[in-house]
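This is what each chain is made of:
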Amino acid sequence: MANSFWSDVDRHVLRYGGGFTPEIIDRAEGSHVVTEDGRRVLDFTSGQMSAILGHSHPEIVATVREGIGKLDHLYSGMLSRPVVELSRRLAETLPDPLEKVLLLSTGAESNEAAIRLAKLVTGKFEIVSFSRSWHGMTQAAVNATYSAGRRGYGPPVPGNIAIPTPNPYRPDFVDADGQLDWRRQLDFAFDLVDAQSVGSLAACIVEPIVSSGGLIVPPEGYLAALHAKCRERGMLLIADEAQTGLCRTGDWYAFERSGIVPDILTLSKTLGAGLPLAAVITSAEIEERAHELGYLFFTTHVSDPLVAAVGNTVLDVLTRDDMATRAAESGAHLREGLEKLRAEHEIVGDVRGRGLFQGLELVLDRESKRGSDELGRWVTRRCLELGLHMNIVQLPGMGGVFRIAPPLTSTEEELSTGLAVLDRALGEVPVGEFV
């Protein structure tokens, strides 16, 4: 049966990225996925960084069962109580003036809608984003994405400009102490932006913690300074919190620690807890101007009631169980364990992140910080063999970086188990084979 399955994969499944995980997944529950042969694998990625309440959370299951039999999908111009309730409740979790909500399906779609909104209300078209960014695979989102997938598809949309990603572990601008001089880097970045711009800067879109680009946390003060650069140029700031939003980092939203409020916020992944639900949130002023200008983002699944009901259940659980505090406390336990791994294994070059959103960078040599794609793949494979699913991102000029994002519902025992598996895998690495 397994041979037939993989034969069908080879014959009929269009490959859309890297290779497939060599397991047939039968079901998922809590912090685990279960293979067809009954093997339980601890999931340190929350599915695709989305299942923040774990897989098959009973309250999510109950909401879906009720909703599918009552109110699943509507004409896009119709509204329902779950949609309006979720819009209100999201606004209540956010600082002023963020209060106008558009509910969509995916992160790429929400970033598409946000960029389209910014272009319309500013009357401009140029979009700035990080050189390690990932904002999605639809047109505007993919053209603001630089970490992967740019080659072979023809010319990008005009007006997209990349700026250096502020990476404290691999600094390009350094101060007298050898640390990242992010202020000088940011000044240099916007000197380049100004040189390339044709005078039509609409917006800057950034993740408060860069995920697919290597789990990079910008230095304290960086986002506020970036926000000021945008204000000086009449640009809007879009915060893409697909992975950081809704308690994962120990705060409801990662931007809160920066002391700024973005002009537009996008959510996805964590909002649906594994189901396709996304949101764009902005001010009444921006929404009013967009409406006056005829803003159009009419999609098949805009304001769908079933997933909106799920979003309300997600907010119920996050609020009732104080998941922001739980993520901060569990994240401290996870971080302590990762720091111990760094102390014990020379191939662990850096540990970074916040809450239950941590990164671990592998290197062959700490002094040179030289990485190896095969080293990362080896550790990933070995972890899976030992019962732990990990995701590693490998980018030019970086070592392999594990994105560690277990469900917020993970127990301390589950986190400790995952750390023990990772410890064993790192200890078994045949380092000499990769030098």
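Thresholds, definitions, all that
Residues numbered from 1 in each chain as written. Predicted model: local features only at pLDDT ≥ 70, side-chain atom pairs only at ≥ 80, totals over all residues. Heavy atoms only, no water. Buried < 20%, exposed > 50% of the residue type's maximum accessible area, 1.4 Å probe, protein only. Helix = DSSP H or I, 4+ residues; strand = E, 2+ residues; numbered from the N terminus. Pairing = 2+ DSSP bridges. Right-handed = clockwise from strand over helix to strand, strands pointing away. Axes fitted to C-alpha atoms, helices over the stretch in contact; angles between N-to-C directions. Parallel < 35°, antiparallel > 145°, perpendicular 65-115°, else oblique. Contact = heavy atoms within 4.5 Å. Nonpolar A, V, L, I, M, F, W, Y, C, P; charged D, E, K, R; others polar. Left-handed = near helix turned anticlockwise from the far one by under 90°. Salt bridge = Lys/Arg side-chain N within 4 Å of Asp/Glu carboxyl O. Patch = residues over 30% accessible without salt bridge, like charges linked within 9 Å, V, L, I, M, F, W, Y side chains within 5 Å. Areas by Shrake-Rupley, 256 points an atom, 1.4 Å probe, with all protein chains shown as cover. Core = buried A, V, L, I, M, F, W, Y, C linked by side-chain atoms within 4.5 Å. Phe/Tyr/Trp six-rings, centres within 6.5 Å; stacked < 30°, edge-to-face > 60°. Lys NZ or Arg CZ within 6 Å of the ring centre and 35° of its normal. Expected span 1.5 Å × (residues − 1).

Of all 6 residues in strand β7 (residues 201–206), 6 are buried; the element is thus mostly enclosed. In the sheet, β7 pairs with strand β8 (residues 236–240) via 4 bridges, with the strands oriented parallel. If you follow Ala-203 over to β8, its bridge partner there is Leu-236. Assessed by its sense of winding, the connection that carries the chain from β7 through helix α8 (residues 222–232) to β8 is right-handed.

As a further point, take the packing of helix α5 (residues 107–122) against helix α9 (residues 284–292). Axis separation between α5 and α9 bottoms out at 9 Å; the angle between their running directions is 75 degrees. Classified by the interaxial angle, the pair formed by α5 and α9 is roughly perpendicular. Two secondary-structure elements touch here, α5 through Leu-117, Leu-120 and Val-121 and α9 through Ile-286, Arg-289 and Ala-290. Split into classes, the residues belonging to the contact of α5 with α9 amount to 5 nonpolar, no polar and 1 charged.

This part is about the packing of helix α11 (residues 323–344) against helix α13 (residues 412–427). Where α11 meets α13, the closest approach of the two axes is 10 Å, and the angle between their N-to-C directions is 15 degrees. It follows that α11 is roughly parallel to α13 by the angle criterion. Read as a crossing pair, α11 and α13 show a hand that is right-handed. Where α11 approaches α13, its residues Ser-330, His-333, Leu-334, Gly-337, Leu-338, Leu-341 and Glu-344 are matched on the opposing element by Glu-412, Leu-415, Ser-416, Leu-419, Leu-422, Asp-423 and Leu-426. Across the contact of α11 with α13, the residue classes break down as 7 nonpolar, 4 polar and 3 charged.

Let us now look at the pairing of strand β5 (residues 126–130). Burial runs high along β5: 5 of the 5 residues are buried. Direction of pairing for β5 relative to β7: parallel, over a ladder of 4 bridges. Bridge pairing in β7 places Ile-127 opposite Ala-203. Of the pairings in the sheet, the one linking β5 to strand β6 (residues 160–163) comprises 4 bridges and is parallel in character. Following the sheet pairing, Val-128 is matched in β6 by Ile-161.

Side chains that carry opposite charge are capable of pairing whenever their charged atoms lie near each other. Using the criterion set out here, one finds 28 salt bridges in the structure. Across the pair Asp-316 and Arg-89 runs a salt bridge whose closest N-O atoms are separated by 2.8 Å. Here Asp-316 is found in helix α10 (residues 305–320), whereas its partner Arg-89 is found in helix α4 (residues 81–92), with 227 residues between them in sequence. On the basis of relative accessibility, which here comes to 35%, the residue Asp-316 falls in the partly exposed class. A relative accessible area of 14% places Arg-89 in the buried class. Three or more residues joined by partner-sharing salt bridges are found here, namely Asp-26, Arg-27, Glu-29 and Arg-40.

To continue, consider the sheet that holds strand β1 (residues 25–29). Sheet architecture is open: 4 strands sit in the order β1-β2-β3-β13, paired in mixed fashion. At either margin of the open sheet sits one strand with a lone partner, and together these are β1 and β13 (388–389). Pairing of strand β3 (residues 40–43) with β13 involves 2 bridges; the strand directions are parallel. Looking across to β13, one finds that Asp-43 is bridged to His-389.

Moving on, we come to a nonpolar patch on the surface. A surface patch of nonpolar side chains, about 460 Å² in accessible area, is lined by Val-13, Leu-14, Tyr-16 and Phe-20. The exposed category is assigned to Leu-14, whose relative accessible area is 67%.

Mapping Thr-266 onto the fold places it in strand β9 (residues 264–267). Discounting residues that sit within four places of it in the chain, Thr-266 has contacts with Ser-110, Asn-111, Ala-114, Ile-238, Ala-239, Asp-240, Glu-241, Ala-242, Ala-279 and Val-280.

Of all hydrophobic cores here, the largest spans 61 residues; its most connected members are Leu-90, Leu-318, Val-379 and Leu-422. For this core, the element with the highest residue contribution is α10, accounting for 7 residues. If near-sequence neighbours (up to four positions away) are discounted, Leu-318 is found in contact with Ile-52, Leu-53, Leu-246, Cys-247, Trp-252, Met-323 and Leu-408. Within the second largest apolar cluster, 32 residues are counted, among which are Val-210, Val-217, Leu-223 and Met-235.

So, on to the packing of aromatic side chains. Tallied over the entire structure, the rule returns 8 aromatic pairs. On the basis of an interplanar angle of 45 degrees and a centroid distance of 5.2 Å, the ring pair of Phe-173 and Phe-188 is categorised as tilted. Of this pair, Phe-173 sits in the loop between β6 and α7 (182–196) while Phe-188 sits in helix α7, placing them 15 residues apart in sequence. Classification of Phe-188 as partly exposed rests on a relative accessible area of 37%. In textbook terms, an aromatic cluster arises when at least three aromatic residues are bridged by ring pairs, as seen for Phe-130, Trp-182 and Tyr-222. A cation over an aromatic ring shows up here: Lys-369 above the ring of Tyr-169, its NZ or CZ 4.3 Å from the ring centre.

Looking along the chain, the bond that leaves Asp-96 and enters Pro-97 is cis, with omega of 5 degrees. Mapped onto the secondary structure, Pro-97 falls in the loop between α4 and β4 (98–104). The backbone phi angle of Cys-247 is positive, close to 85 degrees, even though this residue is not glycine. Note on placement: Cys-247 falls in the loop between β8 and β9.

The subject of this paragraph is α4. Because each turn of an α-helix spans 3.6 residues, side chains separated by three or four positions in sequence point in the same direction. Here α4 spans 16 Å end to end across 12 residues, near enough to the 16 Å set by a 1.5 Å rise per residue. Turning to α4, its buried residues number three or more, namely Pro-82, Val-83, Leu-86, Ser-87, Arg-89, Leu-90 and Ala-91.

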